[in-house]
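Fold and contact review
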Amino acid sequence: MSVIRDSFHSRLGFVLAAAGSAIGLGNIWGFPTQAANNGGGAFLFVYLIVTVLLAVPALYAEIYLGNQTQKNSVSALMQACQQTMPKVGKAAGLIGLLGAIMMLSFYTIVAGWMLAHALGAFAEIAGFMELATWLNTWSIERNLLFTPIFIFLGAGIIHQGVNAGIEKWSSRLMPLLLFMLIGLIVYILQQPGASEGLAVYLIPDFSQVTNPELVVSAMGQAFFSLSVGVGGMMVYGSYMKKDKNLGKLVLSIAALDTFIAFLAGLLIIPALYVAQHAGQEVFANGQLIGEDQLIFQVLPTLFQSMGDVGLIVAGAFFSLLSIAALTSTISVTEVPVAYLVDDKKHSRTKATWLVSAIVFCASLLVISFFNQLFGLVIQVLTTIIQPLMCLFYFIVIGWLWQRGNKLREHAAINERTSVKLWANYLRFVCPILLSIVFVNVAVLN
Ligand code: PFF
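First, a word on what this report is: a plain description of the structure on this page. This is a predicted model, so every value here is computed, not measured.

The subject of this paragraph is helix α4 (residues 73-80). Burial within α4 is extensive, with 6 of its 8 residues counted as buried. By the burial criterion, the buried members of α4 are Ser 73, Val 74, Ser 75, Ala 76, Leu 77 and Ala 80.

This is the structure we're talking about:
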């Protein structure tokens, strides 16, 4: 007897959950940091191009694979490669699972920082100053407490299932994040120094646009931000009824995600220059000081400048970031969980706790060797594993799946020329473009 798989109850539910996966720390912590480090406007410019040319097609390919097969990421890739090379499909699926664990190993640490800062603001409001200082200061002990708390929160939602857990949570509170970003942007743009930051962000220095390092960083960031290359979007695609019109859904997810990243840059980059104007040291030799800690140095200064209301804004802002991180975390956790439930016949609860325990061990490793591992894991994941997996998706749907006939049939049923063009773009242009970037990465390393 086949067991009915849990599913999203509507297309909107799917779009919100997928947008919840895409919108996260990558947008608000990753994107502005990378943009500030890589020339501001030049990074934004390349990021937008790479998103349109490669990340959106990859998102389409990933969701298409999950949606058509209605299977978890390992079985989906295996099925798509059935007639040609099923073992390679399975191996790629398993690499995706590894990518998911790698992603969670550092993401839950950063999410823990957000949670700590949210509580830090509330502790300060309540007058617990010592506690607030502890919560707002980086320490191994703080990581050791908040990383597991965050993993536990994610597991709590995941084990409730797709509709009751993921769909409900993802559609809540995200609009609030948007309003808050806009409010903060309006505030920061009125501060002295902001216009310099605005110019750096919006006026690209075209001499930097072809810098291969910048292109690779922008591509990694775009793949990370759209959540492609570890299978999260594939499992979400499999929880939606087969849909002939994925294009529109993919575009709305990508547009929402890119818009939020753009807004985050519009807040953080001017905020950096406001902080610099006020005497804070932000850059040394054109690079940011303290990179991944950047927003925790600059944003508190911004909140303080708001007077009494600043603490409430800080608490709300970091709480919303924690929620955004949570909806991304659950999509990645779902990758190995779906595999264990579908293929290994574990109960959802058992699979959830097993995966959480593995993630906890992986993040402990990163915490213990923070200086050596934190940046390295991020770099390997975003500039090697995710793009390689996306390259594989293009090859699978364009060439391996029914020897390319799957996509050709899909294009033939649909008589519009745009669909045929799109299919050819995925088959021919995407793998070539991505390979070119890859050759660049190899040369760079
Ligand atoms: N897109 C998420 C962010 O920008 O924070 C991170 C992410 C989620 C990456 C899901 C990969 C993934 F499968």
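Read on, since the account is not over.
Within the largest apolar cluster, 163 residues are counted, with the highest numbers of intra-cluster contacts made by Phe 14, Leu 267 and Phe 317. Among the elements that line this core, the one with the most residues is helix α5 (residues 86-125), at 19 residues. Each residue touching Leu 267, except ones within four places of it in the same chain, is listed here: Leu 181, Leu 184, Ile 185, Ile 188, Leu 299, Leu 302 and Phe 317.

With that settled, consider helix α13 (residues 246-277). Taking 1.5 Å per residue, 32 residues should reach 46 Å; α13 reaches 47 Å between its end C-alpha atoms and fits that length. One or two steps after α13, the chain reaches Gly 279, where phi turns positive at roughly 105 degrees.

The subject of this paragraph is unusual backbone geometry. With a phi angle near 60 degrees, Ser 227 is a residue other than glycine that sits in the positive phi range. Tracing the sequence through the fold places Ser 227 in the loop between α11 (212-225) and α12 (232-238). Although it is not a glycine, Arg 403 sits at a positive phi angle of roughly 50 degrees. Mapped onto the secondary structure, Arg 403 falls in the loop between α17 (370-400) and α18 (405-413).

As for its placement among the helices and strands, Asn 37 is situated in helix α2 (residues 25-37). By relative accessible area, which is 12% here, Asn 37 ends up buried. Excluding residues that lie within four positions of it along the chain, Asn 37 makes contacts with Gly 286, Gln 287, Leu 288 and Glu 291.

Criteria and thresholds
- Residues numbered from 1 in each chain as written.
- Predicted model: local features only at pLDDT ≥ 70, side-chain atom pairs only at ≥ 80, totals over all residues.
- Heavy atoms only, no water.
- Buried < 20%, exposed > 50% of the residue type's maximum accessible area, 1.4 Å probe, protein only.
- Helix = DSSP H or I, 4+ residues; strand = E, 2+ residues; numbered from the N terminus.
- Core = buried A, V, L, I, M, F, W, Y, C linked by side-chain atoms within 4.5 Å.
- Contact = heavy atoms within 4.5 Å.
- Expected span 1.5 Å × (residues − 1).

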